Structure formats: structure tokens, C-alpha cells
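Next come the chains, spelled out residue by residue.
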Amino acid sequence: MTATTNHDHIEQSMQSGWQLPAELYADPTYYALERARIFDHAWQYVCRADQLQNAGDFVTTTLGDTPVVITRDREGALRGHVNVCLHRLHPVAEGAGCKKILQCRYHGWTYGLDGALKSAPRSQQEPDFDKSSMKLRNVSVGMLGDLVFANPDPDAAPLLEYAAPAPDLLEKLEIGLDKWEHTGTFAYDVPANWKLFTENALECYHCALVHNTTYGNAFDTDSESYICDNYEHVATQVAPVAHAPSSEGRPADSLAGFRMLFVWPSTFVSVDDYAGTVARVQPTGPQSCRFVVDTFARPGVDKAILDEWLSMYDATFAEDKIVVAGQQAGYNSGRVAQGRLMTTSESSIAMFQRRTWRAIHSEAERT
Amino acid sequence: MLSADLDKCQGYANCMVNAPDVFDLDDDGKVDILEPTPDPGEMDAVREAVSSCPVRALSLRDTP
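Residue positions are given per chain, counting from 1 as you read along its sequence in written order. Naming scheme: in the order in which they are written, chains are lettered from A and ligands are numbered from 1. Under the rules for a predicted model, residues below a pLDDT of 70 receive no local features and side-chain atom pairs below 80 are neither given nor counted, while totals for whole chains, interfaces and linings still include all residues. Computation of side-chain values: all heavy atoms of the structure, hydrogens and water removed.

(A) Expanded view of the overall build of chain A. Scanning chain A from terminus to terminus reveals nine helices and 17 strands. Taking 367 residues into account, the globule formula puts the C-alpha radius of gyration at 21 Å, and chain A, at 22 Å, falls close to it. By principal-axis analysis of the C-alpha atoms, chain A measures approximately 70 × 55 × 30 Å. Only protein chains enter the calculation, and the probe is 1.4 Å; a residue is then buried if its accessible area is under 20% of its type maximum, exposed if over 50%, and partly exposed in between. By residue count, 53% of the 367 residues in chain A fall in the buried class. When checking whether two residues touch, look at their non-hydrogen atoms; a contact exists if any pair is within 4.5 Å. Across chain A, every contact between residues at least 6 apart in sequence was considered, and the portion connecting residues at least 24 apart equals 63%. The protein chains shown are the only cover counted for residues, whose accessible areas, like all others here, come from Shrake-Rupley with a 1.4 Å probe. In the form shown here, chain A has an accessible surface area of approximately 16,100 Å², with 49% of it arising from carbon and sulfur atoms. Counting from the N terminus, the helices are DSSP H or I runs at least four residues long and the strands are E runs at least two residues long. Here the globule rule is a power law, 2.2 Å times the number of residues to the power 0.38, and the radius of gyration is based on C-alpha atoms.

(B) Region of interest: the overall build of chain B. Within chain B, the secondary structure is distributed over two helices and four strands. Reading the helices (α) and strands (β) of chain B from amino to carboxyl end gives β-α-β-β-α-β. Here chain B has a C-alpha radius of gyration of 10 Å; the compact-globule value for 64 residues is 11 Å, and the two agree. The dimensions of chain B, computed from C-alpha atoms along their principal axes, are 30 × 20 × 20 Å. For chain B, buried positions account for 41% of its 64 residues. Looking at chain B alone, contacts between residues at least 24 apart form 54% of all its contacts between residues at least 6 apart. About 3,600 Å² of surface is accessible on chain B, with carbon and sulfur atoms providing 46% of the total.

(C) Representation of the packing of helix 1 (residues 7-15) of chain A against helix 9 (residues 347-361) of chain A. Residue and element names in this part refer to chain A. All axes here are fitted lines through C-alpha atoms, helices being fitted over the stretch that makes contact, and every angle between N-to-C directions spans 0 to 180 degrees. Relative orientation of the contacting elements helix 1 and helix 9 amounts to 165°, with a least axis distance of 11 Å. Taken together, the axes of helix 1 and helix 9 are roughly antiparallel relative to one another. Judged by the twist between their axes, the crossing of helix 1 over helix 9 is left-handed. Contacts between helix 1 and helix 9 involve H7, I10, E11 and M14 on the former and, on the latter, Q353, R354, W357 and H361. Tallied by class, residues from the contact of helix 1 with helix 9 come to three nonpolar, three polar and two charged. An angle below 35 degrees is read as roughly parallel, one above 145 as roughly antiparallel, one from 65 to 115 as roughly perpendicular, and any other as oblique. A clockwise turn of the near helix away from the far one marks a right-handed crossing, whereas an anticlockwise turn of less than a right angle marks a left-handed crossing. Residue type decides the class: Asp, Glu, Lys and Arg count as charged, Ala, Val, Leu, Ile, Met, Phe, Trp, Tyr, Cys and Pro as nonpolar, and the leftover types, Gly among them, as polar.

(D) Broad picture of the sheet that holds strand 17 (residues 288-297) of chain A. Residue and element names in this part refer to chain A. The strand order across the open sheet formed by seven strands is 11-17-16-15-14-13-12, and the pairing between neighbours is antiparallel. At either margin of the open sheet sits one strand with a lone partner, and together these are strand 11 (181-190) and strand 12 (227-230). Going from strand to strand, the sheet's axes swing by 15° on average, the running direction of each strand aside. Helix 9 contacts strand 12, strand 13 (234-239) and strand 14 (258-263) of the sheet and is inclined by roughly 25° relative to strand 12. One bridge is not enough; two strands pair if DSSP finds at least two bridges between them.

Here's what the structure looks like:
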């Protein structure tokens, strides 16, 4: 681990088009730092709002190292809890569903949807057992459009403050999934550091070559047509349709095209004329990650067109997986300390790397 | 007819997990029977709730 000792030099080099030090993509020490300083304090996508519509609805997930359960409580409020019982630290909820209570199935400690401990078998035999003071640990919860996000940090700045100007961008780019049908969830296990897969999705410089018959064929990925914009924690991409699905009767230039919103560090929301995706890159090790994608159908979309388009995205993600796996060996080699970025075509990678570097090194974000 | 022995009840909440419309927990963490004579459609869940109570605090008798 040497990059921190060259902090000023690296920061300057990143301002002139050089990338994050390669060792940040290979060294387990940095992976541990990222889990503590990024994923324990970052807003990340959990589920759609309609999965938590009714009192008792709950969804579980893991954010970094933190198991999380989000509930809709009896008063109708969204609540976020660390999904860990205060007794022997077993999960209090598994999967997703609707329940009036959260019962740990190990010893039967039972919590209300608001996280308060309601019962603990044999606790009456226990001296000084103060049930009223025991509550599941909090995580922060927020809504962005139709999506539920959570942040393991109970004192996190509100999502809409953190992700500004995302609500305006969602409206302007018409990225909304209200009334869209959830058609499936797909997972891609990627043998590469989470940042490599995330960065790959933040630029389309590679699309003409890697996705020649898939995404790069469907959309116009020329540098003049493919528009990337960057904000503090948010980036967007907009691309016109180049080749519409075979049975689409409308001309390509009458279609709205691809629009995507990225929320640092790892959430992507996208829609086009037929399909939508909400995806999160989940780190699973220093040199591995999992890309989990919820797919959606635009209301009224033709089934054959939807299938063709979702297959195109699936093939695109599979192509991405191959190239980032190839990168990992290069990052492990230690022979290229910093790659050179194409700052115009890859401006969102620059934004991502600046923000990631700041999180790793900022005193304020140290835990 | 459902009844509960509150001296036995430890608040395991298996009853509530199985039949949430029939059972609740009170503020002391003890079972609260919401429907002493549950609807016929609930009876499979109620029987499961009664048989799964780890401390056998629940009983179900035919209504005379």
C-alpha cells in the first residue's frame, strides 16, 4: 500500500487525466478501506417503492458488509434497520414479504416493524433485562422517484441532498418507472474489482468495439451523440436510438432513446423506449463483484420487442463482464501504476474516481 | 375457541408468524388473541400456530 504516501502527486495527476492508482483495484487493504469509508456511508438502491407499499411489507439486502431490512411500519413510515438481532446477531428477517413483526428464528426474539424489541423468551427470568431500551440498529432510508435507497449510516445526509440534482434530472430525462412492470432480476458475477465494472458502465468509448452488435448497434454511441453529464454524486448518459428493434414501426429518430442516471458509488437507473433497468454493483471481494439488475417493461410495450431489447442488454452486460475480467490481470500486474483517461469521452469515470479518492482519503469520512 | 395460558407464554411469537390476523403481542410481549373464534378459512393457520408454540401456551377447543 503506497498510494496514500503519494497523495498530492496522485491528486494532481488525476487533474491532468491520469487515473486512480492501479493498486486500489487489487490490494485487499484498499478493499477494506472502501467498505468502511464508502459502502458503510453511501446511499445505495434497495428496491422499488411498490415492494414496500403496505404496512408490514419488508425487503432485505446487504449494503457493503451491513445486512439491512427495510420495512413499512404500522403507521405507514418507511423504516431501515440493521438486520441483526441484538441477542446472538442472527438475521431477524430473510428474503422479502409482509409481516406484522420481525421474529428472529434462532431464539425467537421478536421486534416490531419500528425495530423495538417486543418480546424475548425467558427475559422475565433475567435480572436487569430492560426490553424498552433495546431496538434494532438504524440505517437511513430515502426515496428517489419510485426507488427506495438505504444508507448503513444512521446519520447520513438525506438522500435528496446527497443525490441533488437527481430528482430534477429524473424528471427532465423522463426516467420514471411508475406503472412499469418488473420482469426479472439478473445477477452477473464478475471476476473484477467493483470499480472496474462500475467505471465501464460510466463510459461508452468502448461501445463501438465491444458492443458492436448489441448496445453499440442499438444506440448511437458516437462522441457527438452520446451525452455524458456529471454532478457531485450523480452522472447521466443520453443516447439516441441508432437501430430500433426489428418490428418497431416508428422511425428511430422519433424514439426517445436511452437515458441513464448514476448515483455514486454503485447505482444505475436507466430507461429507453421499451425497457428499464435498476442495477447495483456489489463488491464481493478485492477482485470480484456482483452486478444485480432489476429489469422493467414500459407499460404497453410489445412483448416481442421487449424480449429482443432485454436480450440485447443481457448480451451487453456479458460482454462487459469479459472485458473487465481482462482488465483485472493488468491491474494486478503492478506494471502500469496509473492508466491514462480519455477525459472527454470518459468524463464520468473522472467524476467517479475523484469522488472515490476523496472518500478513501477524507478525514471526515474516516470511521 | 382459542385460549392462551399467559403464565406459560414467553413471547416466541410463532403464533403471530403463522396467523397474524388472529394473534398479536401485547406491550408485555405476551400473546393477545384478536379472534377467539377465528374464521374457518383461518383454521389451518391457527392449528399450525397452536402446535408450533414452543411452550404449549395455546389451546384450541371445539365451541360447545
